[in-house]
Structure formats: structure tokens, C-alpha cells
Amino acid sequence: MTDSGTFGQWILLSLVALSSFGVIFFRNPVHACLSFLLSLVCLAGLYLRLVAPFIAAMQILVYAGAILVMFMFVIVLFQDAYHNIEETPSGSYAPLLYPTAAAFFLTMIAMGRHFSSISLEKKSFTRKFWHSRKYRKGFIYRFFLSF
Amino acid sequence: MNIFIIASMLMFAIGITGVLIKRNAIIFFLSLEMMLNSANLLFVGFAHRWGNEIGHIWVFFVLVVAAAEAAVGLAIIINMFKTKQVVDVDQYNTLKG
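Draft legend 1. Summary view of the overall build of chain A. From N to C terminus, chain A includes five helices and zero strands. The order of helices and strands in chain A, counted from the N terminus, is α-α-α-α-α. Relative to its 147 residues, chain A shows a buried fraction of 36%. When contacts within chain A are restricted to residue pairs at least 6 apart in sequence, those whose partners lie at least 24 apart make up 56%. A total of about 9000 Å² of accessible surface is found on chain A, and carbon and sulfur atoms cover 68% of it.

Draft legend 2. Examining the overall build of chain B more closely. Per the secondary structure count, chain B includes three helices and zero strands. Seen in sequence order, chain B has helices and strands lined up from the N terminus as α-α-α. Relative to the globule expectation of 13 Å for 97 residues, the C-alpha radius of gyration of chain B, 16 Å, shows a markedly less compact shape. Here the C-alpha coordinates of chain B stretch approximately 50 × 25 × 20 Å along the principal axes. Counting the 97 residues in chain B, one finds 60% classified as buried. Put simply, 50% of the contacts in chain B that link residues at least 6 apart link residues at least 24 apart. Accessible area of chain B: about 3500 Å², with a carbon and sulfur share of 72%. One finds the centroid of the 6 positive side-chain charges in chain B at a distance of 8 Å from the centroid of its 5 negative side-chain charges.

Draft legend 3. Region of the structure containing the side chain of N37 of chain B. Mapping N37 of chain B onto the fold places it in helix α2 (residues 25-50). Assessed through its relative accessible area of 0%, N37 of chain B is described here as buried. Apart from the residues lying within four places of it in its own chain, the contact partners of N37 of chain B are F36, L40, L43, Y47, Q59 and Y63 of chain A together with M11 of chain B.

Draft legend 4. Quick peek at the packing of helix α2 (residues 29-49) of chain A against α2 of chain B. Interaxial distance between α2 of chain A and α2 of chain B falls to 11 Å at its minimum, and their mutual angle equals 5 degrees. In terms of orientation, α2 of chain A and α2 of chain B fall into the roughly parallel class. Contact residues: α2 of chain A offers P29, A32, C33, F36, L40, L43, L46 and Y47 of chain A, while α2 of chain B offers I27, L30, E33, M34, N37, N40, L41 and V44 of chain B.

Draft legend 5. A look at the nonpolar core. Counting residues in each nonpolar core, the largest one holds 51 residues, and the members touching the most others are F71 of chain A together with L30 and L41 of chain B. Among the elements that line this core, the one with the most residues is helix α3 (residues 53-77) of chain A, at ten residues. Each residue touching L30 of chain B, except ones within four places of it in the same chain, is listed here: V23, A32, C33, F36, L68 and F71 of chain A.

Draft legend 6. Region of the structure containing α3 of chain A. Residues and elements named next belong to chain A. Its 25 residues give α3 an end-to-end C-alpha distance of 34 Å, which sits within 8% of 36 Å, the value for a rise of 1.5 Å per residue. Remark: the principal bend of α3, roughly 30 degrees, maps to L68. The complete set of buried residues in α3 reads I55, A56, Q59, V62, Y63, A64, I67, L68, F71, V74 and I75.

Draft legend 7. Expanded view of helix α1 (residues 2-21) of chain B. Over its 20 residues, α1 of chain B extends 29 Å from the first C-alpha to the last, a length consistent with the 28 Å expected when each residue adds 1.5 Å. Counted residue by residue, α1 of chain B has 16 buried out of 20 residues, so it is predominantly covered.

Draft legend 8. Representation of the confidence of the model for chain A within the structure. For chain A, mean pLDDT is 76; residues scoring 70 or higher make up 61% of the total. When mean pLDDT is compared element by element in chain A, α2 of chain A scores highest at 91, while helix α5 (residues 132-144) of chain A scores lowest at 67.

Draft legend 9. Examining a nonpolar patch on the surface more closely. Residue and element names in this part refer to chain A. Nonpolar side chains collect at one region of the surface, where F7, I11, L15 and L38 lie side by side and expose about 390 Å² of accessible area between them. Take the nonpolar patch: its biggest share by element is three residues, from helix α1 (residues 7-25). Overall, L15 belongs to the partly exposed group, its relative accessible area being 34%.

Draft legend 10. Quick peek at the side chain of S20 of chain A. Looking at the secondary structure, you find S20 of chain A in helix α1. Owing to a relative accessible area of 0%, S20 of chain A belongs among the buried residues under this scheme. Sequence-distant contacts of S20 of chain A, defined by excluding residues within four places in its chain, comprise S39 of chain A together with M11, I14 and M34 of chain B.

Draft legend 11. Seen up close, unusual backbone geometry. Residue and element names in this part refer to chain A. Unlike most non-glycine residues, V51 shows phi in positive territory, near 55 degrees. Inspection of the secondary structure assignment puts V51 in the loop between α2 and α3. A relative accessible area of 8% means that V51 is categorised as buried.

Conventions used here
Residues numbered from 1 in each chain as written. Chains lettered and ligands numbered in written order. Predicted model: local features only at pLDDT ≥ 70, side-chain atom pairs only at ≥ 80, totals over all residues. Heavy atoms only, no water. Helix = DSSP H or I, 4+ residues; strand = E, 2+ residues; numbered from the N terminus. Buried < 20%, exposed > 50% of the residue type's maximum accessible area, 1.4 Å probe, protein only. Contact = heavy atoms within 4.5 Å. Areas by Shrake-Rupley, 256 points an atom, 1.4 Å probe, with all protein chains shown as cover. Rg over C-alpha atoms; globule rule 2.2 N^0.38 Å. Lys, Arg positive; Asp, Glu negative; His and termini not counted. Charge placed at Lys NZ, Arg CZ, Asp CG, Glu CD. Axes fitted to C-alpha atoms, helices over the stretch in contact; angles between N-to-C directions. Parallel < 35°, antiparallel > 145°, perpendicular 65-115°, else oblique. Core = buried A, V, L, I, M, F, W, Y, C linked by side-chain atoms within 4.5 Å. Expected span 1.5 Å × (residues − 1). Bend = angle between axes of the 7 residues up to and from the residue. pLDDT = per-residue confidence, 0-100. Patch = residues over 30% accessible without salt bridge, like charges linked within 9 Å, V, L, I, M, F, W, Y side chains within 5 Å. Salt bridge = Lys/Arg side-chain N within 4 Å of Asp/Glu carboxyl O.

Here it is, written out as C-alpha cells:
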């Protein structure tokens, strides 16, 4: 993996960004959930690129299979309630929210550009890295027994 | 590696923007989940970079937290909807001092 990322990684990053924007810009909650599903699938693809297939599988199973389905159930329960929602925030602080969000967004992008210039020491890495035995040892010896 | 930091920052920024500007409680929680996902991506990216498994293990903890938070949060939303008949987070001001 190169530091600048391959073409496939940039495609996945673009899909993640577009689908994440879709989550907050779709007015219909079902469309927002489907956009979030696309974001989760693209993230699983990025995890596969990072040689973490078990994490990618858990991402699909837990997030897409459990959490997102729970969201869909709640949307079904609320299907008549969305007409009462004001899309613009109410209260006197409303004019401040959009500039604040824009400033925070730009700050995060600037921080990302700053961190991307940091060179970190790269350790040796193999395809057997994600083996479940290592997870088991990590869970037991580094976390549970440490308490 | 850099692309994963950029993707994580982008997702976190979009998530917190959604938390700030959206009034729909469902979208609010989806934005929270997106912020947790960005943390997961950064954990896995740095675990890959440094060649240890601790970042992967933290992802499991974050998954558990996300699942619990979604379950509890959606239960609260359902109960508030029974009381107020709205899913607008600005209307949920029962505990307001």
C-alpha cells in the first residue's frame, strides 16, 4: 500500500464521502439509512484494504445487519410523524449553527491535511495479522486480565 | 495511510455537522454512528500502520458501545414519541432546567 493511496482506495473514499453527505442531506429517513448502508459497505472495503477482513465482516454483520435494521424498525414505527419536523433548527441560536458547522468542517479538513504529512514508523506486517488467535490473546491478556 | 486519516476526518466532520444541523432524531443518531465509524477507521488504519492488533480490539469495544447506544437511544426516542408525538429533538425538553 502506498502512502498516497491506490485508485481503488480513492474511489472508496469518494463513495464514503458522498454517502456520508447523503445521510445528512436526504430528507427522507429511509433514504438516509440506505445512504448510511452504502457508507458502511464502502468502509468495509477500506477495512479489507487495511488487511482486516474480520473487522470488515463484523462491520457488515453488526452495523448493517443489526443496528441499521433496528433503525429501519423505528422508522417504520414513526412513518406518520415526519410531517411535524422542522428541518431548520428552532430557537435563537439557529443562525449560528451553520457557520459553526462549516468552520468545524474546514478545521477538520485542515487537521487531516496536517496529520497526513506525519511520517510514522512502519512495522513489518503480514497477511496472518488478523488471525483470531491474536484477537483472543489481546482480549484476554491485555484488557480483561489487566483489570 | 494518509487516505485513511483523511477519510476518518471527513466522516467525523460530516457526522458532527449532522448532529449540529439536523432536528430529526433518527438522522441525529445516524450522524452519531457515523462519528463512531470514523473512530473505527482510524483505529484500524493505525493498527495496520504500527503492526499490532490493539486497534482492532478497540474496534470491537466501539462496536459494542455503538450497538448499546443505538438500542438505548432508539428506546428513548420511542418513549418520547409516545409522550409528545414528535421526533424533533428540539421538542424533547422535558429535563430542561
